[in-house]
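Architecture at a glance
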Amino acid sequence: GESVGLHLPTLSVQEGDNSIINCAYSNSASDYFIWYKQESGKGPQFIIDIRSNMDKRQGQRVTVLLNKTVKHLSLQIAATQPGDSAVYFCAENSGPTGNQFYFGTGTSLTVIP
Amino acid sequence: GAGVSQTPSNKVTEKGKYVELRCDPISGHTALYWYRQSLGQGPEFLIYFQGTGAADDSGLPNDRFFAVRPEGSVSTLKIQRTERGDSAVYLCASSSTGTEGDTQYFGPGTRLTVL
């Protein structure tokens, strides 16, 4: 029979607009979070990280916000460019060594020129 | 410098066969990680090496999966009696020390297809 694939959440934005990608995490004990960007055929690429003792961290054109109360992360990309088109994953650390990282399903961002 | 490399880039095998997937981490990185990524999903943790030893192998799905890193550099992920459900992209990452906040650098992955 026909197989049905899982559909990633998608976000389309106009070039130059700001993008906001959201992520809900599961483990209230997680204390370190990372956003990754993954382009087709490539491995994930580190974008920005944040520790649980912070609620905001800024990088170059990117900002991560952490709301521990509702276990929510967001990634804001300013002045989105076509090269930002990719799948974005949030990851939380877990496990006995704190070195297991649990990744979310991901959000597919498409930037419209 | 060179990033994380993985070979082969693609591997097609038949159900029941044995496969080995290789990861060359960034030179000098003591920590090495294996992940599995199915279509439309995020990477799933399999195992973490600190040096030559597996510090956390709790993500390996069953005893058909095994990984080694005998000299603390190159690692091989071994899958016995492959099943169709093993089809996925297998990603390797390395980091300098493995401590929190230490960026993990990913390789391009090996796409495994089990027929």
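The preceding data block contains the structure.
Just so it is clear, the model here is predicted, and its values are computed rather than measured.

**A word on the pattern of salt bridges**
Residue and element names in this part refer to chain B. Throughout the structure, instances matching the rule amount to seven salt bridges over all chains. Residues R36 and E44 are paired through a salt bridge, measuring 3.5 Å at the closest nitrogen-oxygen approach. Take R36: its relative accessible area is 12%, and that puts it in the buried class. Between R64 and E83 there is a salt bridge; the shortest N-O distance is 3.5 Å. A residue pair is termed long-range when its members are at least 10 positions apart, and R64 in the loop between β6 (53–56) and β7 (65–68) and E83 in the loop between β8 (75–79) and β9 (88–95) qualify at 19 residues.

**Some points on the sheet that holds strand β2 (residues 19–24) of chain A**
Residue and element names in this part refer to chain A. Pairing is antiparallel in the open sheet, where four strands are placed in the order β2-β7-β6-β5. Lying at the two open borders of the sheet, with one neighbouring strand each, are β2 and β5 (56–58). Taken pair by pair, the neighbouring strands of this sheet meet at an average axis angle of 15°, ignoring direction. As judged from the six bridges shared by strand β6 (residues 62–67) and strand β7 (residues 72–77), these two strands associate in the antiparallel manner. From the neighbouring strand, V62 faces β7, where its bridge partner is I77.

**Remarks on the layout of surface pockets**
Approximately 550 Å³ is the volume attributed to the largest pocket. Contributing elements (two or more residues each) for the lining of the largest pocket: β8 (86–94) of chain A together with β9 and β11 (110–114) of chain B. Residues of the lining of the largest pocket, tallied by class, amount to nine nonpolar, 12 polar and three charged. Roughly 200 Å³ of volume is contained in the second largest pocket. Surrounding the second largest pocket, 14 residues form its lining, A:G43, A:P44, A:Q45, A:F46 and B:F106 being those nearest its centre. If you list the elements that add at least two residues to the lining of the second largest pocket, you get β3 (32–38) and β4 (45–51) of chain A together with β10 (105–106) of chain B. Taken together, the residues that form the lining of the second largest pocket break down as five nonpolar, six polar and three charged.

**Quick notes on the pairing of β7(B)**
Residue and element names in this part refer to chain B. Because side chains alternate across β7, one face comprises the buried residues F65 and A67, and the other comprises F66 and V68, none of which is buried. Relative to β8, β7 runs antiparallel, the two sharing four bridges. Each residue of the ladder has a partner; that of A67, found in β8, is L77.

**Digging into the interface of chain B and chain A**
Each partner contributes to the interface: chain B provides 22 residues, whereas chain A provides 23 residues. With both chains or domains summed, chain B and chain A bury close to 1800 Å², and 51% of this area falls on carbon and sulfur atoms. When residues of chain B are sorted by the area they lose upon contact with chain A, B:P43, B:E100 and B:F106 head the list and together hold 27% of the total. Counting across the chain B and chain A interface gives zero salt bridges. Applying the counting criterion to the chain B and chain A interface returns one residue pair in polar contact (both at pLDDT 80 or more).

Basis of the calculations
Residues numbered from 1 in each chain as written. Chains lettered and ligands numbered in written order. Predicted model: local features only at pLDDT ≥ 70, side-chain atom pairs only at ≥ 80, totals over all residues. Heavy atoms only, no water. Salt bridge = Lys/Arg side-chain N within 4 Å of Asp/Glu carboxyl O. Buried < 20%, exposed > 50% of the residue type's maximum accessible area, 1.4 Å probe, protein only. Helix = DSSP H or I, 4+ residues; strand = E, 2+ residues; numbered from the N terminus. Pairing = 2+ DSSP bridges. Axes fitted to C-alpha atoms, helices over the stretch in contact; angles between N-to-C directions. 1 Å grid on protein atoms, 1.4 Å probe; cavity = no way out; pocket = protein on both sides within 12 Å on 5 of 7 lines; lining within 4 Å. Points joined across faces, edges and corners; volume = space filled by probe spheres on them. Nonpolar A, V, L, I, M, F, W, Y, C, P; charged D, E, K, R; others polar. Contact = heavy atoms within 4.5 Å. Buried area = accessible area lost by both parts, 1.4 Å probe. Polar contact = N/O pair within 3.5 Å; in protein donor to acceptor, adjacent residues only side chain to side chain.

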